[in-house]
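An overview of the molecular structure
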Amino acid sequence: MPLSFKHSTKQGSVLVLAVFIAISLTILSLSYFRMMRAVRNTDHRLGQQFVAREISLLIREEAMLILHNDSRDQRSQLFWFLLGAVAGAQMEMRLPFAAENISRLIQPGYTCEFSSKLKVVNFISYDHRTRVYASSKEGHGVLSMFIEVSLIDERSGKKAVAARETLHTQYEYLISSALCLDNSGSRLRKPLLLRRDNQVFDEYSSLQVSGYERETSNGNGEATNDREFYNQTALWAARNLKSADLRQMQIIDDERKIVAVNGIFHCPEQLEFEGDWLIKGKGVLVADSFNIRGALKKASVDDLLVLFARKGKIVVDTDAKIEAALIAINRNYTGTVEAKKPLDLSGMLLADYLNLDNWSNSVHKIDFDKAFAAGDKAYQINISPWVTYQSGARN
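A brief structural summary. (Residues numbered from 1 in each chain as written. Predicted model: local features only at pLDDT ≥ 70, side-chain atom pairs only at ≥ 80, totals over all residues. Heavy atoms only, no water.)

1. Some points on the side chain of Gln380
Here is the rule: Strands are runs of DSSP state E lasting at least 2 residues, helices are runs of H or I lasting at least 4, and numbering of each runs from the N terminus. Between two residues, a contact is recorded if the distance between any of their heavy atoms is within 4.5 Å.
Examined against the element boundaries, Gln380 turns out to sit in strand E22 (residues 379–383). Excluding its chain neighbours within four sequence positions, the residues that come into contact with Gln380 are Gln74, Leu174, Ile175, Ser176, Asn262, Gly263 and Lys282.

What follows is the structure, encoded as structure tokens:
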């Protein structure tokens, strides 16, 4: 009997162990299948979140392109929004490419809702020395772009948010005038300004000045001791650019012979224009000196170009038409313009002095371009090419 009892006890232990192992395997199997289902669900959610993230980045690329292009176009809604905006102002951006093509990036049964909003974070109209700019529209600001993308699951017949992505981007922007404003508007509103002397140019002079309004100028060189032309360097879009930088940025396009300036750009070198050039945009090139050996022609009546030599002089060695403002002034009052051939200038001229003995023995003409008097039409907006951003996913 004792042996029989021991044997049955052993059989019972084996049975209990077998039942325990079976239960354990069942639990492990259930846990495994639950884990795999969770992994699949997690992979699916991560996949949808990745798609939402990629869509938000694509939307930002389109929004950035529109932002940079429209900020230079005075016909665009964005330009006028920024020109008059105060801190807190907002506008919705229209993104036609995204609206038409986003559906191709998502799976059947899903839809995508997105938005892109701009908000002016702040805007100041004075420089680092607290000197207030002549126009309240000129200054520096921070612009925020907020993009939101939602992937909607409609497979069950009900709308459920499968993934949501937000992208927050900030830009610095600058508003300046190419015409160096004062309280009366453009400071280039006269055909001829001389800072050091007050020469008189009449019908017998070799320099003929015309095209001005009677109330604007008497047609003679008008002396001024004002040193403040373009002195607000905080309004310059870029400083200390090399001529190679100007070409890389296609401000000076040697291949197509185009000068495309929007805003005020400084280059501490001598710049030369050989051949005939086309002017696009509204802006100022500030350099040490200039040599002009060909035509400078505006692409449209609204374009304008200012060439400002702040250390040396401007030498014009062509009789082709120049449609620009020529400025040569410096701290030593030695800035001048020299014409080696008959000058045909449609624009205006500002210098410290003119020594016509150094000009060619010809008749020279300055015909005032009224575009240089329209200070309210010469604003330019430059937006920083770099961005800072914060991104976060929300379920």
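2. Details of the pairing of strand E3 (residues 139–153)
How we decide: In this scheme, a residue with accessible area under 20% of its type's maximum is buried, one over 50% is exposed, and one in between is partly exposed, where area comes from a 1.4 Å probe on protein chains only. A strand pair is defined by DSSP finding two or more bridges across the two strands.
The buried fraction of E3 is high, at twelve of 15 residues. Two strands pair when backbone bridges link them, and strand E2 (residues 110–124) and E3 are joined in this way by 14 bridges, in the antiparallel orientation. Its bridge partner being in E3, Tyr110 is matched across the sheet by Asp153. In terms of strand pairing, E3 meets strand E4 (residues 160–177) through 15 bridges, oriented antiparallel. The residue of E4 that forms the bridge with Ser150 is Arg164. In this antiparallel pair of consecutive strands, E3 and E4, the connection spans six residues, and Gly157 shows a positive phi of 90°.

3. Focus: the sheet that holds strand E15 (residues 296–298)
Strand order in the open sheet formed by four strands is E10-E11-E13-E15, with mixed pairing between adjacent strands. Of all the strands in the sheet, the pair left with one neighbour each is strand E10 (252–253) and E15. Here strand E11 (residues 258–260) runs beside strand E13 (residues 277–280); their pairing, made up of three bridges, is parallel. Counterpart to Ala260 in the pairing with E13 is Lys280.

4. Considerations on the nonpolar core
Counted only if it meets this: Note on terminology: a nonpolar core comprises buried Ala, Val, Leu, Ile, Met, Phe, Trp, Tyr and Cys residues joined through side-chain atoms within 4.5 Å.
If you look at the biggest cluster of nonpolar residues, it comprises 41 residues, and the most contacted ones within it are Leu192, Leu285, Phe290, Leu307, Ile314 and Leu354. Beyond its immediate chain neighbours, meaning those up to four positions away, Leu285 contacts Leu246, Ile251, Ile252, Val259, Val261, Phe265, Leu271, Phe273, Phe290, Val306, Leu307 and Phe308. By size, the runner-up hydrophobic cluster in this structure holds 36 residues, among which are Phe79, Leu143, Leu167 and Leu181.

5. Concerning the layout of surface pockets
For the record, the criterion: A 1.4 Å probe that fits but cannot get out identifies a cavity on a 1 Å grid over protein atoms alone, an open set with protein on both sides within 12 Å along at least five of seven lines counts as a pocket, and a residue lines either if it has an atom within 4 Å of a point. Grid points are joined across faces, edges and corners, and a volume is the space filled by probe spheres set on the points. Ten residues, namely Ala, Val, Leu, Ile, Met, Phe, Trp, Tyr, Cys and Pro, are considered nonpolar, four, namely Asp, Glu, Lys and Arg, are considered charged, and the remaining ones, Gly among them, are considered polar.
Here the largest pocket is characterised by a volume of approximately 1200 Å³. Per-element accounting of the lining of the largest pocket gives the leading share, four residues, to E22. Of the residues that constitute the lining of the largest pocket, the class distribution is 18 nonpolar, 13 polar and twelve charged.

6. Re the environment of Asp254
Put simply, the rule is: As used in this structure description, the phrase polar contact means that two N or O atoms lie within 3.5 Å; if the pair is within protein, one of them must be able to donate a hydrogen and the other to accept it, and residues adjacent in sequence are counted only when both atoms belong to side chains.
By the secondary structure assignment, Asp254 is in the loop between E10 and E11. Note: C-alpha distance between Asp254 and Gly275 (21 residues apart in sequence) is 9.9 Å. If sequence neighbours within four positions are ignored, Asp254 has contacts with Arg247 and Trp277. Within the structure, the side chain of Asp254 is placed 2.5 Å from the side chain of Arg247, a separation counted as a polar contact.

7. Regarding the pattern of salt bridges
Stated precisely, the cut-off is as follows: Salt bridge criterion: a side-chain nitrogen from Lys or Arg within 4 Å of a carboxyl oxygen from Asp or Glu.
A complete count under the given rule lists 15 salt bridges for this structure. Its salt-bridge partner being Asp127, residue Arg131 comes within 2.8 Å of it at the nearest N-O pair. Residue Arg131 is classed as partly exposed on the basis of its relative accessible area, which comes to 31%. Residues participating in the shared-partner salt-bridge network are Asp182, Arg187 and Arg189.

8. Describing the packing of aromatic side chains
Quick reminder of the rule: The rule is short: rings of Phe, Tyr and Trp, with Trp giving its six-membered ring, pair when the centres are within 6.5 Å, and they are stacked under 30 degrees, edge-to-face over 60, tilted in between. Remark: a charge is flagged as sitting over a ring if the NZ atom of Lys or the CZ atom of Arg is within 6 Å of the ring centre and within 35 degrees of the ring normal.
This structure, assessed with the given rule, holds four aromatic pairs. With a centroid separation of 5.4 Å and 80° between ring planes, the pair formed by Phe79 and Trp80 is classed as edge-to-face. Of the residues examined, Phe79 reaches a relative accessible area of 1% and is grouped as buried. When the centroid spacing of 5.7 Å and the interplanar angle of 40° are considered together, the rings of Tyr230 and Phe308 count as tilted. Taken together, the residues Tyr230 in the loop between strand E9 (222–223) and helix H4 (243–248) and Phe308 in strand E16 (residues 304–309) connect sequence positions 78 residues apart. Phe308 shares its class with Tyr230; the two are buried. The cationic tip of Arg187 hangs over the ring face of Phe229; the distance from NZ or CZ to the ring centre is 4.7 Å.

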